[in-house]
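The lines below spell out each chain.
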Amino acid sequence: MICKKCLKELTDDNIYPSDHRYCITCGTNHSTYLSERKQTLKSLREMNLESKIIQTKYLIKCAVMEFGLNKVYISYSGGKDSTVLSHIAKSMYPNILHLFANTTNEYPETLKHIRWESEENGTNIITVFPKDIHGKVWTFKKVVETYGYPMFSKRISNAIRTYRHARSPRTKANAEEYINRNFKKYDKYKNLPISDKCCDKLKKEPLRRKAKELELECAILGILASESYQREKDWLEYGCNVFYKRKDNQSRPLSFWTNDDILEYIKRYNIQIPKLYEMGYTRNGCMFCGFGVQLELDGHNRYQKLKETHPAQYNYFLNNFGHLMSKFEINVA
Ligand code: SF4
Ligand SMILES: [Zn+2]
């Protein structure tokens with residue numbers, strides 16, 4: 001193993017104890033850098049809404065200046081965060097392109113909102129459907145049957161898929177060790193059909209393909225660093241506008257917003273969002289997704305809620321995936 005930064009050979013004597021990707025010197029420097037970044041994020045979050053809007057507009061403008069208006073697009077989910085992003089971006093560039101990935105696992109309220117945005121609110125939206133390179137249509141059900149269910153979290157699903165499909169005993173042993181070290185509690189599910197492939201098949205690949213077809217070079221995303229540990233970690237490393245550093249260029253100009261900012265903006269500008277939020281949902285993601293469901297309160301988890309609010313969709317879910325839920329020990333009744 002070599003240090004990620006200075007490429008020095010890593011040994012027991014020079015490895016940075018809390019991050020084995022670095023030598024002690026680089027690890028220490030990186031940790032100082034991250035502390036400073038945390039402070040920056042804190043200061044950005046403390047700004048008032050007015051200043052945040054100005055900063056967000058500046059970041060969007062940077063993406064447009066860098067790539068050109070016809071080379072950027074809003075990655076649009078129809079949810080409240082991306083609707084706020086859309087509203088700000090459209091105030092600057094009214095016809096800016098939005099791409100919406102219909103995962104075949106959307107709440108009807110999301111689809112209704114997308115139709116409204118496109119047909120009545122003048123938003124320039126292209127909907128992409130999950131098809132593979134040969135034009136074969138993918139659905140959530142097909143993904144689950146082919147690869148496994150997206151359950152618990154992206155990382156756990158990924159680890160279980162790696163374990164189940166390991167090509168050599170050594171890879172299998174490593175994957176098992178990884179599961180044990182990082183999420184011991186989930187070790188008992190490691191032989192069940194769980195996989196993280198769903199997002200790739202239903203969302204990322206169709207969006208990527210359309211972006212390539214239209215020769216788009218940068219996605220503008222309405223994600224907040226506060227949404228998850230992973231998103232915050234990513235912001236600390238890369239910031240809001242990530243150009244030419246990774247495979248895909250991205251602008252995340254709402255990163256430093258909080259959920260309260262989003263709600264305040266919606267109220268202040270009277271923004272229309274899917275009715276789902278009035279039904280007590282705090283997110284509009286995929287209906288049947290299992291990521292994070294184990295952390296929800298039993299009796300009020302997303303599937304139990306679905307039973308009350310969308311009985312037809314719940315029955316479909318139960319008939320097709322109910323047997324898996326009992327294996328995952330998720331209460332759906
Ligand atoms: S959010 Fe969940 S259900 Fe939706 S595409 Fe991603 S993994 Fe699949
Ligand atoms: Zn180093």
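Residues numbered from 1 in each chain as written. Chains lettered and ligands numbered in written order. Predicted model: local features only at pLDDT ≥ 70, side-chain atom pairs only at ≥ 80, totals over all residues. Heavy atoms only, no water.

The N-to-C vectors of helix α2 (residues 49-67) and helix α3 (residues 80-92) enclose an angle of 65°; their axes lie 10 Å apart at closest approach. Judged by the inter-axis angle, α2 sits roughly perpendicular to α3. By crossing handedness, the relation of α2 to α3 is classed as right-handed. Contacts between α2 and α3 pair Thr56, Lys57, Ile60 and Lys61 from the former with Leu85, Ile88, Ala89, Ser91 and Met92 from the latter. Of the residues that constitute the contact of α2 with α3, the class distribution is 5 nonpolar, 2 polar and 2 charged. (Axes fitted to C-alpha atoms, helices over the stretch in contact; angles between N-to-C directions. Helix = DSSP H or I, 4+ residues; strand = E, 2+ residues; numbered from the N terminus. Parallel < 35°, antiparallel > 145°, perpendicular 65-115°, else oblique. Left-handed = near helix turned anticlockwise from the far one by under 90°. Contact = heavy atoms within 4.5 Å. Nonpolar A, V, L, I, M, F, W, Y, C, P; charged D, E, K, R; others polar.)

Moving on: the coordination of the zinc ion (ligand 2). Around the zinc ion (ligand 2), the protein supplies Cys3 (SG), Cys6 (SG), Cys23 (SG) and Cys26 (SG) as donor atoms, at distances of 2.3 Å. Around the zinc ion (ligand 2), the 4 donor atoms are arranged such that angles at the metal cover 100 to 117°; this shape is classified as tetrahedral. One chain supplies every donor to the zinc ion (ligand 2), and in sequence these donors are spaced C-x2-C-x16-C-x2-C. Of this pair, Cys6 sits in the segment before α1 (24-46) while Cys26 sits in helix α1, and the two are 20 residues apart along the sequence. Residue class for Cys6 comes out partly exposed when judged on its relative accessible area of 36%. (Donors = N, O, S within 2.8 Å, 3.2 Å for Na, K, Ca; no water. Tetrahedral: all angles 85-135°; square planar, octahedral: opposite > 155°, others 65-115°. Buried < 20%, exposed > 50% of the residue type's maximum accessible area, 1.4 Å probe, protein only.)

With 38 residues, the main nonpolar core has Ile60, Trp257 and Tyr265 as its most contacted residues. Looking at this core, the elements with two or more residues in it are α1, α2, β1 (72-76), α3, β5 (218-221), α9 (229-238) and α10 (259-268). Excluding anything up to four places from it in sequence, Trp257 contacts Leu49, Lys52, Ile53, Thr56, Val84, Ile88, Leu224, Ser226, Ile262 and Tyr265. Val144, Ala175, Leu202 and Phe317 belong to the second-largest nonpolar core, a separate cluster that totals 36 residues. (Core = buried A, V, L, I, M, F, W, Y, C linked by side-chain atoms within 4.5 Å.)

Turning our eyes to something else, we now look at helix α11 (residues 302-309). Residues of α11 that are buried include every one of Arg302, Tyr303, Gln304 and Leu306, and no others. For α11, the elements touching its buried residues are β4 (151-152), β8 (290-291) and α12 (311-327). The distance from a side-chain oxygen at the start of α11 to the backbone nitrogen of Tyr303 is 2.9 Å, and the residue carrying that oxygen is Asn301. (Polar contact = N/O pair within 3.5 Å; in protein donor to acceptor, adjacent residues only side chain to side chain.)

Time to look at the site of ligand 1. By nearness alone, every residue bordering ligand 1 is listed as Asn105, Phe140, Pro150, Cys198, Cys199, Lys203, Cys286, Cys289 and Phe291. Among the elements that take part in the shell around ligand 1, helix α8 (residues 197-213) stands out by supplying 3 residues, more than any other. In the shell around ligand 1, the residues fall into 7 nonpolar, 1 polar and 1 charged. (Near = heavy atom within 4 Å.)

Now for unusual backbone geometry. Phi angles above zero are rare outside glycine, and Thr104 is one such case at about 70°. Note that Thr104 resides in the loop between β2 (98-101) and α4 (108-119). Unlike most non-glycine residues, Asn270 shows phi in positive territory, near 55°. One can find Asn270 in the loop between α10 and β8.

When cut into domains, the protein gives domain 1 (1-46) and domain 2 (48-327). Using C-alpha coordinates to define each centre, domain 1 is positioned 29 Å away from domain 2. At the junction of the two partners, domain 1 supplies 11 residues and domain 2 supplies 12 residues. With both sides pooled, the region where domain 1 packs onto domain 2 buries about 1100 Å², and carbon together with sulfur makes up 57% of that total. The interface formed by domain 1 and domain 2 contains 1 salt bridge. Where domain 1 packs against domain 2, one counts 5 residue pairs in polar contact (both at pLDDT 80 or more). Broken down by class, the residue content of the side of domain 1 that touches domain 2 amounts to 4 nonpolar, 2 polar and 5 charged. (Domains from an automatic or database assignment. Buried area = accessible area lost by both parts, 1.4 Å probe. Salt bridge = Lys/Arg side-chain N within 4 Å of Asp/Glu carboxyl O.)

With that settled, consider the side chain of Ser82. Examined against the element boundaries, Ser82 turns out to sit in helix α3. Once residues within four sequence positions are removed from consideration, Ser82 is found in contact with Ser75, Tyr76, Ser77 and Gly222.

This brings us to the side chain of Glu109. Tracing the backbone shows Glu109 in helix α4. Of the buried charged residues, Glu109 lacks a salt bridge, with Lys112 as the closest side chain of opposite charge at 7.9 Å. Not counting chain neighbours up to four residues away, the residues in contact with Glu109 comprise Pro274, Lys275, Leu276, Met279 and His310. (Lys, Arg positive; Asp, Glu negative; His and termini not counted.)

On to the sheet that holds strand β7 (residues 249-251). One open sheet holds the 6 strands; their spatial order is β3-β2-β1-β5-β7-β6, and the pairing between them is mixed. The sheet is open, and its two edges are formed by β3 (125-128) and β6 (241-242), each paired on a single side. (Pairing = 2+ DSSP bridges.)

For the structure shown, the criterion picks out 0 disulfides. Looking at Cys240, it has no disulfide partner, and the nearest cysteine sulfur is the one in Cys62, 10 Å off. For Cys240, a relative accessible area of 9% corresponds to the buried category. (Disulfide = S-S within 2.5 Å.)

This brings us to the packing of aromatic side chains. With the rule as written, the count across this model stands at 23 aromatic pairs. When the ring of Phe140 is compared with that of Tyr149, the centres are 5.4 Å apart and the planes differ by 90°; the resulting orientation is edge-to-face. Ring geometry for Tyr178 versus Phe183: centroids 5.8 Å apart, planes at 80°, classification edge-to-face. Tyr178 sits in the partly exposed class, given a relative accessible area of 30%. Each residue in the set Phe140, Tyr149, Phe152, Tyr186, Tyr189, Phe288, Tyr303, Tyr314, Tyr316, Phe317, Phe321 and Phe328 is aromatic and connected to the rest through ring pairs, giving one cluster. Looking at Lys142, its charged tip hangs above the ring of Trp138, at a distance of 4.5 Å from the centre. A cation over a ring is seen here: Lys172 above Tyr163, with NZ or CZ 4.2 Å from the ring centre. (Phe/Tyr/Trp six-rings, centres within 6.5 Å; stacked < 30°, edge-to-face > 60°. Lys NZ or Arg CZ within 6 Å of the ring centre and 35° of its normal.)

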